[in-house]
Amino acid sequence: MPTKRKDHLDKAAWVWAETVDPGDISNIHLEAAYRIKLKACKPGSCRRTCRGNPHCLSGIGERSWLGDIADETWHKGEDPDAERRSGNSFVGLRNLGATCYVNSLLQLWFHNLSFRKAVYLWKPKAISFDGKTEEAIGAVSSISHLQCLFALLQFGPRKYLDPTEFVLSLGLDTMTQQDAQEFSKLFLTMLEEQLAAPNQLPEVRDMVRSQFLGEYDYVTRCLHCGTESACPSTFYELDLNISRSGNNSGEEESSGEKQSPPRSSLAEFLQEFLHEEKLEGADRYHCAVCGCKQDATRSIKLRRLPPVLTLQLLRFVFDRNTGHKKKLNSFVYFPEELDMAPYLGPSAKPSNYSLRAVLAHKGSSAYSGHYVAHICDATSGGWYRFNDESVEKMEGKKLQLGYDEDVLDPKKKKRPRTPKGQLSSNNAYMLVYVKVDASEGGETKGKTVSLSKDQAMTLEQLPSHLFDIVQKEKENFEDWVSSQKQSRDLIVQSGKERQAEIRSIYDILPVNLSDGVITEDVDWDFLSVDWLTKWLEENDDDSKDKGSDFKKIPVVDHASLLCPHGRLKPDAVTDTKCISTIAADTIYEKYGGGPRLRGRESMCRECVTSRCKSIRLRAKTAQDAQTITTLLKSCGEGTETGYWIGKASLRSWRRMALEERDDEEGNEADNGGMGDGDGNHVGSGEPTVTGKEISCNGSGETGVKDEELTLGFNCDIVCTHGNLCPKDNNRRIVPEAVWSILKGYFPGAPEYLSSVEKCSKCEDMANEGQALKNQFRQIASVQRETLSDLYLEKNRPSMDSLNFESARIIPREFLIEWRRFIREPNKRPHPMSLNCEDLICSHGGLRYDPCSRLAECTPKETKQDDISLNVPSVDVEADSRVALIWEYEWTVLKEFYSVNKEIIVTVETDETEPVEIAAKPEKEPEEEPMEVVQEETAPSEADAVPTGVAAVDEVSSARVPDAVADAAGSGDHKDSESAEATSTSVPDAAPVQGLEKTADAKTLNGKSSRIVKIDPSPCVICVRERLCRARESLLHYARAKVFIRKVSTSAEAAAVPVKEDEDDPEFKATEAKRPRGKTANGAASLHASASPSALAGEVRRSTRHRRIRGEEELVVSSDSTLRDLKVKIMRIFGVAPFDQHLSLGGRPLIDHHATLSDLRVYPGSVITLKADEPWEDPMLLGDFDKDAAPEEGFKGTGLLSS
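Residues numbered from 1 in each chain as written. Predicted model: local features only at pLDDT ≥ 70, side-chain atom pairs only at ≥ 80, totals over all residues. Heavy atoms only, no water.

A.B. asks: Describe helix α19 (residues 760–786), with residues and values.
C.D. replies: The terminal C-alpha atoms of α19 lie 39 Å apart, and with 27 residues this matches the ideal 39 Å at 1.5 Å per residue to within 8%. Looking at the buried residues of α19, the elements they touch are α20 (788–792), α21 (812–823) and α23 (887–896). (Helix = DSSP H or I, 4+ residues; strand = E, 2+ residues; numbered from the N terminus. Expected span 1.5 Å × (residues − 1). Contact = heavy atoms within 4.5 Å.)

A.B. asks: Which residues make up the sheet that holds strand β22 (residues 524–528), and what values do they have?
C.D. replies: Strand order in the open sheet formed by three strands is β24-β22-β26, and the pairing between neighbours is antiparallel. Only two strands of the sheet have a single partner each, and these edge strands are β24 (576–580) and β26 (597–598). Bridge count for β22 against β24 is five bridges, and the pairing is antiparallel. By the bridge assignment, serine 528 is partnered in β24 with threonine 576. On the sheet, helix α14 (residues 529–536) packs against β22 and β24 and is oriented at approximately 70 degrees with respect to β22. Docked against the sheet, helix α15 (residues 581–591) engages β22, β24 and β26, running at close to 105 degrees with respect to β24. (Pairing = 2+ DSSP bridges. Axes fitted to C-alpha atoms, helices over the stretch in contact; angles between N-to-C directions.)

A.B. asks: Run through the pattern of salt bridges, naming residues and quoting values.
C.D. replies: For the structure on display, the rule yields 38 salt bridges. The partner of glutamate 192 in a salt bridge is arginine 209, and the shortest N-O contact between them spans 3.5 Å. In this pair, glutamate 192 is assigned in helix α9 (residues 180–195) and arginine 209 in helix α11 (residues 207–212), connecting sequence segments 17 residues apart. Accessibility expressed as a relative area gives 41% for arginine 209, which makes it partly exposed. (Salt bridge = Lys/Arg side-chain N within 4 Å of Asp/Glu carboxyl O. Buried < 20%, exposed > 50% of the residue type's maximum accessible area, 1.4 Å probe, protein only.)

A.B. asks: Lay out the packing of helix α16 (residues 605–635) against helix α18 (residues 736–745) in plain terms, naming residues and giving numbers.
C.D. replies: α18 packs onto α16 with a crossing angle of 160 degrees between their chain directions and a minimal axis gap of 9 Å. In terms of orientation, α16 and α18 fall into the roughly antiparallel class. When the axes of α16 and α18 are compared, the crossing they make is left-handed. Mapping the contact onto sequence places Leu617, Lys620, Thr621, Asp624, Thr627, Ile628, Leu631 and Leu632 in α16 and Ala737, Val738, Ile741, Leu742 and Tyr745 in α18. (Parallel < 35°, antiparallel > 145°, perpendicular 65-115°, else oblique. Left-handed = near helix turned anticlockwise from the far one by under 90°.)

A.B. asks: Can you tell me about the pairing of strand β17 (residues 383–387), naming the residues and giving the values?
C.D. replies: When you tally the buried positions in β17, you get four out of five residues, the bulk of the element. Counting the residues that bridge the hairpin from strand β16 (residues 370–376) to β17 gives six residues, and of these glycine 381 lies at a positive phi of roughly 80 degrees. Alignment of β17 against strand β18 (residues 390–393), held across four bridges, turns out to be antiparallel. From the neighbouring strand, arginine 385 faces β18, where its bridge partner is glutamate 392. Taken together, β17 and the strand that follows it, β18, pair antiparallel across an intervening segment of two residues, in which aspartate 388 is found at a positive phi of about 55 degrees.

What follows is the structure, encoded as structure tokens:
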């Protein structure tokens, strides 16, 4: 059955209100408003509960409780018996994070019966220390933990064990994956030392040597006399180099010699291990017989092989090109049965070995992956796959390595074909062969020497302390299983009790209806749907598996459903359900809460009456709105008789009528904005009254919403004097019939006949305002004509070209406001004063330095780091804060505006040879202006320096004492050089007066120079602090662009291009051909028609970075490290990080752990790259994404403590 639509039920509940007078409301109408007479839905018929029907009790969460619930659904935990070991199956080991390499080797050693027996028979040293007993000392050693682990692996009750104690006893980091081959060697070495104690049995002391120790000789043969010398040595495993196998790129491939055919079989690896190496040239051998150095050969000759032959396939090698480890993922072929006689010499007897274990590393990288072990059971001969906790028996009696064991080349989808009797894998890194007995005829019996069944021990044969540990573990496990089962039973019992309780209450929840409706003699209660839903939703997964205590069910809370009269709000009936009184008694008794909403007693007649009035009023206003619309259309707006009404009031009269009724009833806040019976909120759909000019039709509908009309009806046409407002555009005349309708709703509204005169006072004020506007227009016209160049920003004095002798500085903010006023004098405010005091800092100097750009002609002060960077090395903020005007413009502005400070800029010609830094006079005159010296003649094109290369401390390169420099916080700038030229000290708090700047002598091509003086002079402290903050803010960025420029020589790397291609027309500035303007005295302004850059002979620079050939763009963040940057460079240029030499402005970048912010790499920086040699192996890109921290291996662990 589909859920009934709530809006349909809402309309049906209040359909009577439009025809029933509020004074005639009866119980029938109350029941209709509260939907008491609606028929109940059939149980289970609605997927979701009908919100508009209080008798629908379906879809509130009851389905999960009414059906049958299995015991397993009451808890998330697995059956504790699932942790039980099945029969004599093998046991897995839990991975503690990155300890799979330990687990694989532990399983290998456990299946070596002789190894296992020796560990069982090990005894701790028979000493006591600080009162500790012999057993206590043994309990903390790694061998003791290994004993316990082996005992539980063989006889324990669990299907997998936790090796935490053993791993921690060795001091291993459980979250760091180590080299399994290195761990194997170190652990066996440590084990051999600890087992060799005098108090141990012989079979324990000699276990490692008897099982794993082999012997070979390093044989050197003189090619001149044939004498052989042998150096005996021992081994526990043979390390076989496979770097030439397959298609792997190793160190040998980098040479130019002819390559030997690829090797891929174990036989070829063994032959390579034993092959003769020639000793020639500088490597020649000193022969004792010949008495001099002779050419010789050197090789390894096997003398004796151990019972357990371990072959290490060296898959993890060091790559010289990358400086990292890499894994060789080539396929290796190895036999199931191996005869080592051919490698022992021509006269050697058959030495047969059988494959018993293959340890594999799954993964293509040397820095990640997973270790698994394939081991043959010594007793049954079956193969098992040990993958941490998982132990899987493999089909058949022979080892089957599947596709999941290998890392296949994406270019070669098929696995290579394997010869008969061979196995292949590109993940196997350790092969374990065990020697087998042979009969007199040489045929293999199949019985291994070291893994014979007579080495296995039963539980009763274990040492007493291990027997006790196993028994204790079994008891603890059974206790744990029993406890878990009891807990599960309690949870199930609690859940079933709760299910029975809910079923019993839900069965009595519906009200007893007669023919589907409530009769007069039936009692019921309203209950919150929200509480019912929470009561029934406690059967979700989150509430289970918490023991016998379920989530606490909240008490019943009906506070939000009550009206101001303490009864149920009519609107809130959709949030309640009708339940039987018996069910309500049970619920309140068990869960508490309230207040209780008892049937008819909780229905509020006052709220229903108020709602009825609202609905009737809404219907009446809708009808009257249609009438008003018809009357307005019939008379039009051209009528001359009637009443004045505000257009905003006409648009919003319906909403205002409803709000006024609510205010009269006092229910606007009480009923919480109740609906009108049609599902609409009272007042919510009404338009907002605005002052905009829109078409009004009297219906109260409008799509325009600006400022809400907060005044009463028709008050929008009343002026401040209480008369008719003189504005005609916000009111209109309506006929008397329309006004009479509206007057019925608003009897106290202001009433104005169409013949009423406008407010004379307001008209006088309007006339005065118009006169003021005319005056402003006249003022603007005069100023625009007099100061046309200033308004149009033409023929301006420039600090770049110094095309003036005297000028004034004013705030640019004033200039912007002044131009707006000139453009629109009636809309924009008229500036009241010319406030230049805002440009003066607390030290009495100018806040900004408009002369800082003149420092660009001083290459000796240029910092290399700032070249080609978007770094604020000049006071660029000065351009947006100050403006230069001519003297005659200053005179005109003073006539119109009050001035509180004068800032003068003068340019003088100095015929004497300029000095780099002028000496400071002994007695500093008051308000001595600042001087900046610039050559009249533009620098040559060869000496030109691009815009933006000046250092940040150019403003302070004149005479600045140490105290002032320190106060400015210029720690890493060149203040010491400036301080050396200071003849006298200046107080810290005082502005720096009388500063002079002069261009470098190398840039002067003429005989005379220009001296710029600013009075008052710029404040060095304020300018430097602001520029330093700007530079620091640029060092915090995300996803900014930098440019990498690859060069081939060190000279190119050091010479970061200072200039862009000046032949590019994009960077050339063309001379403007405008007529020269006139100054105040009629003289032609100097270079008035030329652009500043053209006047100075400079090249206009584009702010956009132009990439050149060999340059690439990278997106970086300031918190990226230099190593991260090098990895990105490697992916683009194919240059390994160790071969990259990066520099920025000639400064090398070498700290790999420093961030780009620390290295002062700004957005837009051009970083040069010089590569030692190309790198063309993209297969190892993944290894560079690993942590660059130096590998420490097993340093600090128990494996190296001895």
